[in-house]
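# Fold and contact review
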Amino acid sequence: MPFWLGAVTSGLLFAIGLMDCWRRSAPSRAVGVTLMLQASALLFVLAANQFSALEGQAVALLLLGLMPSLHVLGLRLWSRVDSGD
Amino acid sequence: MQTVRYVALAVVPLLSAWIALRSRRTQRAALALAANSLSLALIALVLDAPFVAAVWAIMGLATALTCYVSSAPRNAGRAAKGSPLTVRPLMALLGLALAICLAGILRVNEAPGLLALGSGSPAPAGEETAALVAMLSVKYAPTLIGIGLILLVAVLGLRPERSEP
């Protein structure tokens, strides 16, 4: 895959996730956080492929490892914001 | 032809992300999230990162399952009316899959096929293990501290609510 196409995909995915976090009326905002993490991980994998650096893959793995906990944390925090705590 | 394939590969995660965010039904959103993760894992596979792709697919499916299970109270009434997929069997399946994965990690060196092929990693000696642990803890200490802090925040965020008297 060409670097520019992957970068554009990553950027758009990040923007879609961020847009959902911005709009607090949307039903599932934690999905937005997950999508932003996915976009970041994709960018690191792209960079690792482009520059032949294994560190990029390591950072991508780290982001993916954090994804479930941040997803659940996002669900909890935003539900509190909604309930006015 | 190759470019068309790559563009199709790039459009699938964007489309599934849009569906995941715009869908009003949790079940459909969870499925779209799983499709998003799997398509991104496929891109990682194209970019010569097979291990990242495998982790991505597993994590994505786990997150999508969590998303589905967390919507359990809303689906409870529907389940009582005869919905085929209730939460308890799903939780049992998830637990079973986790147990199999953990057992696989523990038993991977004892698998007969691996040992017969000579591809199982040899067990390190005691001194080598201690040196390896010391080297890893020194090299990755800042990363571990960062992960620890984020998990601490996650645990604090997930603590049970106190019921009001």
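Residues numbered from 1 in each chain as written. Chains lettered and ligands numbered in written order. Predicted model: local features only at pLDDT ≥ 70, side-chain atom pairs only at ≥ 80, totals over all residues. Heavy atoms only, no water.

## Description of the overall build of chain B
Formally: A run of DSSP states H or I qualifies as a helix once it reaches four residues; a run of E qualifies as a strand once it reaches two. Both are numbered from the N-terminal end. We call two residues in contact when some of their heavy atoms are within 4.5 Å. Only the protein chains shown count as cover for residues, and all accessible areas are computed by the Shrake-Rupley method using a 1.4 Å probe.
When you go through chain B residue by residue, the secondary structure sums to eight helices and zero strands. The secondary structure elements of chain B, listed N-terminal to C-terminal, are α-α-α-α-α-α-α-α. Excluding contacts between residues fewer than 6 apart, the proportion of contacts in chain B whose partners are at least 24 apart in sequence is 38%. Summed over its atoms, the accessible surface of chain B is roughly 11,400 Å², and 72% of this surface lies on carbon and sulfur atoms.

## Quick notes on the overall build of chain A
This is how the line gets drawn: Accessible area is worked out with a 1.4 Å probe on protein chains only. A residue is then buried under 20% of its type maximum, exposed over 50%, and partly exposed in between.
When helices and strands are tallied, chain A shows three helices and zero strands. When the elements of chain A are put in sequence order from the N terminus, they spell out α-α-α. Looking at chain A as a whole, 48% of its 85 residues are labelled buried. Expressed as a percentage of contacts within chain A between residues at least 6 apart in sequence, the contacts between residues at least 24 apart total 56%.

## Here we look at the side chain of Ser37(B)
Put simply, the rule reads: Side-chain atoms alone can form a polar contact between residues adjacent in sequence; in general such a contact is a pair of N or O atoms within 3.5 Å, and within protein one must be able to donate a hydrogen while the other accepts it.
Considering the arrangement of structural elements, one finds Ser37(B) in helix 2 (residues 26-46). Assessed through its relative accessible area of 1%, Ser37(B) is described here as buried. Among the polar contacts listed, one links the side chain of Ser37(B) to the side chain of Gln38(A), at a separation of 3.0 Å.

## Looking at helix 1 (residues 2-22) of chain B
All names here are of chain B. For the record, the criterion: One less than the residue count of a helix, multiplied by 1.5 Å, gives the span that helix is expected to have. Our arc is simply the arc of the directions from the helix axis toward the C-beta atoms.
For helix 1, which comprises 21 residues, the first-to-last C-alpha distance of 31 Å matches the rise-based estimate of 30 Å (1.5 Å per residue) to within 8%. Taken together, the buried positions of helix 1 are Tyr-6, Leu-9, Ala-10, Pro-13, Leu-14, Ser-16, Ala-17, Ala-20 and Leu-21. Taken around the axis of helix 1, the buried residues stretch over an arc of 155°, which confines them to a single face. Along helix 1, exposed side chains directed more than 90 degrees from the buried face belong to Val-4, Arg-5 and Leu-15.

## With respect to the packing of helix 2 (residues 30-51) of chain A against helix 1 of chain B
Where we set the bar: The axes are straight lines fitted to the C-alpha atoms, using for helices just the contacting stretch, and the angles between their N-to-C directions are given from 0 to 180°. Put simply, angles under 35 degrees are roughly parallel, angles over 145 are roughly antiparallel, angles from 65 to 115 are roughly perpendicular, and the rest are oblique. Crossing handedness is defined as follows: a turn of the near helix away from the far one that is anticlockwise and smaller than a right angle gives a left-handed crossing, while the clockwise case is right-handed. We call Asp, Glu, Lys and Arg charged. Ala, Val, Leu, Ile, Met, Phe, Trp, Tyr, Cys and Pro are nonpolar, and the rest, Gly among them, are polar.
Between helix 2 of chain A and helix 1 of chain B, whose axes approach to 9 Å, the crossing angle comes to 160°. The orientation of helix 2 of chain A with respect to helix 1 of chain B, classified from their angle, is roughly antiparallel. Between helix 2 of chain A and helix 1 of chain B the crossing geometry is left-handed. Here Val31(A), Gly32(A) and Leu35(A) of helix 2 of chain A lie close against helix 1 of chain B, whose contacting residues are Ala17(B), Ala20(B) and Leu21(B). Taken together, the residues of the contact of helix 2 of chain A with helix 1 of chain B sort by class into five nonpolar, one polar and no charged.

## Details of unusual backbone geometry
Backbone geometry follows two general trends: most residues other than glycine have a negative phi, and most peptide bonds adopt the trans configuration. A positive phi angle, close to 60°, is found at Asp48(B), a residue other than glycine. Using a relative accessible area of 59% as the deciding quantity, one classes Asp48(B) as exposed.

## Here's the deal with the side chain of Gln38(A)
When you line up the elements, Gln38(A) lands in helix 2. You can call Gln38(A) buried: its relative accessible area is 0%. Within the structure, Gln38(A) has its side chain in polar contact with the side chain of Asn36(B) (distance 3.3 Å). In this structure Gln38(A) touches Leu13(A), Met67(A), Asn36(B), Ser37(B), Leu40(B) and Trp56(B), once residues within four positions along its chain are discounted.

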